[in-house]
Amino acid sequence: MSTSTNQLEQVFSDDTYQLTGVAVSKDGRVFTCYPLWPGPHKWAVVEIVGLNEGKPYPDEQWNSWKEGDDGKNKWVCVQAVYVDDENYLWVVDPACPNMEQVYDNSFKLVKFNLATNSIEKVYRFDGVLSNKSYINDVRVDNRRKVAYLTNSNEGGIVVVNLETGTIRELLRNHYSVKHDPSFRLIVDGKEFKKDGKPVHLQSDGIALTPDGDWLYYKPLTDNKLYRIKTEALRDEDLPEDKREAAVEDLGTFSVTDGMIFDQSNNLYLGDYQNYKMVKITPAHKPEEVLADEKLIWPDSYAISEDNYLYISCSQINKQPDYNEGENKRTTPYAIYRMKL
């Protein structure tokens, strides 16, 4: 592919368990997570302590859930980890094994104090989200005390008022949170299918501008990109039709899973169809950053204090579900980083 392969430095690899998320603290601690999907599973959230070694976070008890257990205070199926600008770790647990159904109302967003490795707050979604939801990723605005999440099973933007605890799901019926029906997703030379049917996943990737004024988001299985002023999401009195009218369609870009802004307002996306990283400049101009065959479904991103972009590669395209039962994976699941 590209001659720029030496730009990727491996941070972690796991030969057995499929990871998705990555988060980096201000002092360089790195975290990843493992959703409860088909295939072997051990821990849900780990802190990386070596090139191929992780320890369960915050402890083994939280990582000990099995069918029949109470899932309220254990990890059931963790999708994302995120460190905010105040160095708190947030863990997104959709609690929806195999993306089928939420287990016993156990879906939650958990905030950790990394100085003490203790839980600061748990936000729960009972009564707001359905048992078919899959909360997928999170961004936090500490200045305005709000968190934003995507619901990738059904489509929707979830807004959590971190002060009052009020949780609302918005834009549920808007086209911007849904897969574009006219888009046919080709990965590794063939249409991306499960059980013989094209896979359509909804709002997934999410990114907040550094000033907190705009939220960018997109469906997982098409190339559309949307944004909305966060004011329209935070205003609890705004009618939904006005909120829908505030959505901006930015056009078509790469097909990405996660995405992240740097401090200069560049938006980094993967391109899992083409094993690439791209960025969108503040003028919304796409630029290729890196092409490398090691970027097997770049999934989630974090930017460290010393300005490295961390990239987790979840190899979703190699899963048996999407390859008529055949596991196409040939290399370990991995996390890389590259200097920005």
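These notes cover the structure that comes with them.

Thresholds applied
- Residues numbered from 1 in each chain as written.
- Predicted model: local features only at pLDDT ≥ 70, side-chain atom pairs only at ≥ 80, totals over all residues.
- Heavy atoms only, no water.
- Pairing = 2+ DSSP bridges.
- Helix = DSSP H or I, 4+ residues; strand = E, 2+ residues; numbered from the N terminus.
- Axes fitted to C-alpha atoms, helices over the stretch in contact; angles between N-to-C directions.
- Patch = residues over 30% accessible without salt bridge, like charges linked within 9 Å, V, L, I, M, F, W, Y side chains within 5 Å.
- Areas by Shrake-Rupley, 256 points an atom, 1.4 Å probe, with all protein chains shown as cover.
- Salt bridge = Lys/Arg side-chain N within 4 Å of Asp/Glu carboxyl O.
- Lys, Arg positive; Asp, Glu negative; His and termini not counted.
- Charge placed at Lys NZ, Arg CZ, Asp CG, Glu CD.
- Polar contact = N/O pair within 3.5 Å; in protein donor to acceptor, adjacent residues only side chain to side chain.

1. Focus: the sheet that holds strand S27 (residues 308–313)
Strands in a sheet are paired, the pairing made by backbone hydrogen bonds, and the direction either parallel or antiparallel.
Link 1 in the chain: Read across the sheet, four strands follow the order S1-S28-S27-S26 without closing on themselves; strand pairing throughout is antiparallel. Each of the sheet's edge strands pairs with one partner strand only, and the pair in question is strand S1 (9–14) and strand S26 (298–303). Adjacent strand axes in the sheet meet at a mean angle of 20 degrees when their direction is disregarded.
Link 2 in the chain: In the sheet, S27 pairs with strand S28 (residues 333–339) via six bridges, with the strands oriented antiparallel. Among the inter-strand pairings, Ile-311 is bridged to a residue of S28, identified as Tyr-336.

2. Structural notes on a negative patch on the surface
Link 1 in the chain: A contiguous patch of negative charge, built from Glu-231, Asp-235, Glu-236 and Asp-237, is present on the exposed surface.
Link 2 in the chain: Assignment of secondary structure puts Asp-237 in the loop between helix H1 (230–234) and helix H2 (240–245).

3. Side note on the pairing of strand S5 (residues 53–56)
Link 1 in the chain: Pairing of strand S4 (residues 45–50) with S5 involves four bridges; the strand directions are antiparallel. When the sheet's bridge partners are listed, Glu-47 is paired in S5 with Lys-55.

4. Quick word on the sheet that holds strand S24 (residues 276–280)
Link 1 in the chain: A sheet is described by the order of its strands in space; here four strands give the open sequence S22-S23-S24-S25, paired in antiparallel fashion. Of all the strands in the sheet, just strand S22 (259–261) and strand S25 (286–291) have a single pairing partner and so form its edges. Adjacent strand axes in the sheet meet at a mean angle of 25 degrees when their direction is disregarded.
Link 2 in the chain: Two strands pair when backbone bridges link them, and S24 and S25 are joined in this way by five bridges, in the antiparallel orientation. Each residue of the ladder has a partner; that of Met-277, found in S25, is Leu-290.

5. Describing the environment of Arg-124
Link 1 in the chain: Its place among the elements puts Arg-124 in strand S9 (residues 118–124).
Link 2 in the chain: Sequence-wise, Arg-124 and Val-247 are 123 residues apart; in three dimensions their C-alpha atoms are separated by 27 Å.
Link 3 in the chain: Looking at Arg-124, its side chain comes within polar contact range of the main-chain oxygen of Lys-72, at 2.9 Å.

6. So, the environment of Lys-285
Link 1 in the chain: Note that Lys-285 resides in the loop between S24 and S25.
Link 2 in the chain: Linking Lys-285 and Asp-306, residues 21 residues apart in sequence, is a C-alpha distance of 25 Å.

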